[in-house]
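The primary structure of each chain is shown beneath.
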Amino acid sequence: EEDEKMAVRIIVDSTADYSAAEIEKRKITCIPMTIAFGEEQYTDGVDLSKEEFFEKLIGEDVFPKTSQPSPAVFEEYFKEAKEAGDSVVAILISGALSGTIQSANLAKDMAEYEDIYIVDSKSATLGIRMLADRAVRMRDQGAGAAEIVAELEALKPRIRIYAGLDTLEYLQKGGRLSKTEAILGRLANIKPIIKVGEAGEVVMHGKQRGVKQVCKQLGKILEEEAPDENYPVYFLYAYDKKNCISFIQSLQKKGMDFGEVKTRGIGPTIGTHIGPGAFGIVYIQ
């Protein structure tokens, strides 16, 4: 009988790119990343908004560093859940992109509590949101933690994230491209297309000359692996919406309609590497 009363607590990290209002509406907990510009430290979404982050990224010479929450931060939430007899489902940024998962696993050991499920989203930004929103819906329908996690594990491999970059500058600053590659790319107006791979890592998917060609290639991808209409489709933009809007219009011209257009801004964790003007799409295949 007692088991029935156990609540399921859902935790995400701030790379899921929810707004404060969205977190409150879903009754979930968001554990923030720390972002450092040299000596200055900020808490993602708390004292640094997405806009402020990009203004600093563009305006300052120092390349920001994102660091994962410490195990102690997770432990506090886990112990709270333990005391209440609740179970926890933590849906976190890909282990290939961040050590957040490791922090959570250490905290689970420290809390000495079995009813904690840690899900490596193998994703980032709105891919995490896709999973968390599914979890919230299931929790609200009365599903238990294990049932929710089984569903998320099945959904994970179907998440698609593609993005076109408007600038090579931040890939170069972040050490993903050499200076020569960046200069040559700039001269040729090269715009890379990246995706989140199966192992949750960021991979180059291709490159095109100019934003128009990127839109075309992304449109082709969408024709090949069409979105599942039972799930929302999100359009992503980094700081500047212009390219994202062109992309949506190019899809509409092709007769591709995803219902109500949902655009969302990308936060610091991925934003650092892709830079302003990037645009993309997240969906369930």
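Notes on the structure in this doc start here. (Residues numbered from 1 in each chain as written. Predicted model: local features only at pLDDT ≥ 70, side-chain atom pairs only at ≥ 80, totals over all residues. Heavy atoms only, no water.)

Here we look at the packing of aromatic side chains
Part 1 of the reasoning: Scanning the model with the defined rule gives eight aromatic pairs in all.
Part 2 of the reasoning: Between Phe-247 and Phe-279 the ring centres are 5.6 Å apart and the planes differ by 55 degrees, which places this aromatic pair in the tilted class. Taken together, the positions of Phe-247 in helix α10 (residues 242–253) and Phe-279 in strand β13 (residues 279–284) put the pair 32 residues apart, joining distant regions of the chain. The same class applies to Phe-247 as to Phe-279, namely buried.
Part 3 of the reasoning: An aromatic cluster is built from Phe-37, Tyr-42, Phe-53, Phe-54 and Tyr-239, whose rings are joined through pairwise contacts. (Phe/Tyr/Trp six-rings, centres within 6.5 Å; stacked < 30°, edge-to-face > 60°. Helix = DSSP H or I, 4+ residues; strand = E, 2+ residues; numbered from the N terminus. Buried < 20%, exposed > 50% of the residue type's maximum accessible area, 1.4 Å probe, protein only.)

Some thoughts on the packing of helix α3 (residues 71–84) against helix α4 (residues 100–111)
The description of two helices packed together rests on the angle between their axes and the distance between the axes.
Part 1 of the reasoning: One can describe the packing of α3 onto α4 by two numbers: an axis separation of 8 Å at closest approach and a directional angle of 45 degrees. When the interaxial angle is binned, α3 and α4 end up oblique. Considering how the two elements wind past one another, α3 and α4 form a crossing that is right-handed. From α3, Pro-71, Ala-72, Phe-74, Glu-75, Phe-78, Lys-79 and Lys-82 reach across to α4, where they touch Thr-100, Ser-103, Ala-104, Leu-106, Ala-107, Lys-108, Met-110 and Ala-111.
Part 2 of the reasoning: Of the residues contributing to the contact of α3 with α4, the split by class is nine nonpolar, two polar and four charged. (Axes fitted to C-alpha atoms, helices over the stretch in contact; angles between N-to-C directions. Parallel < 35°, antiparallel > 145°, perpendicular 65-115°, else oblique. Left-handed = near helix turned anticlockwise from the far one by under 90°. Contact = heavy atoms within 4.5 Å. Nonpolar A, V, L, I, M, F, W, Y, C, P; charged D, E, K, R; others polar.)

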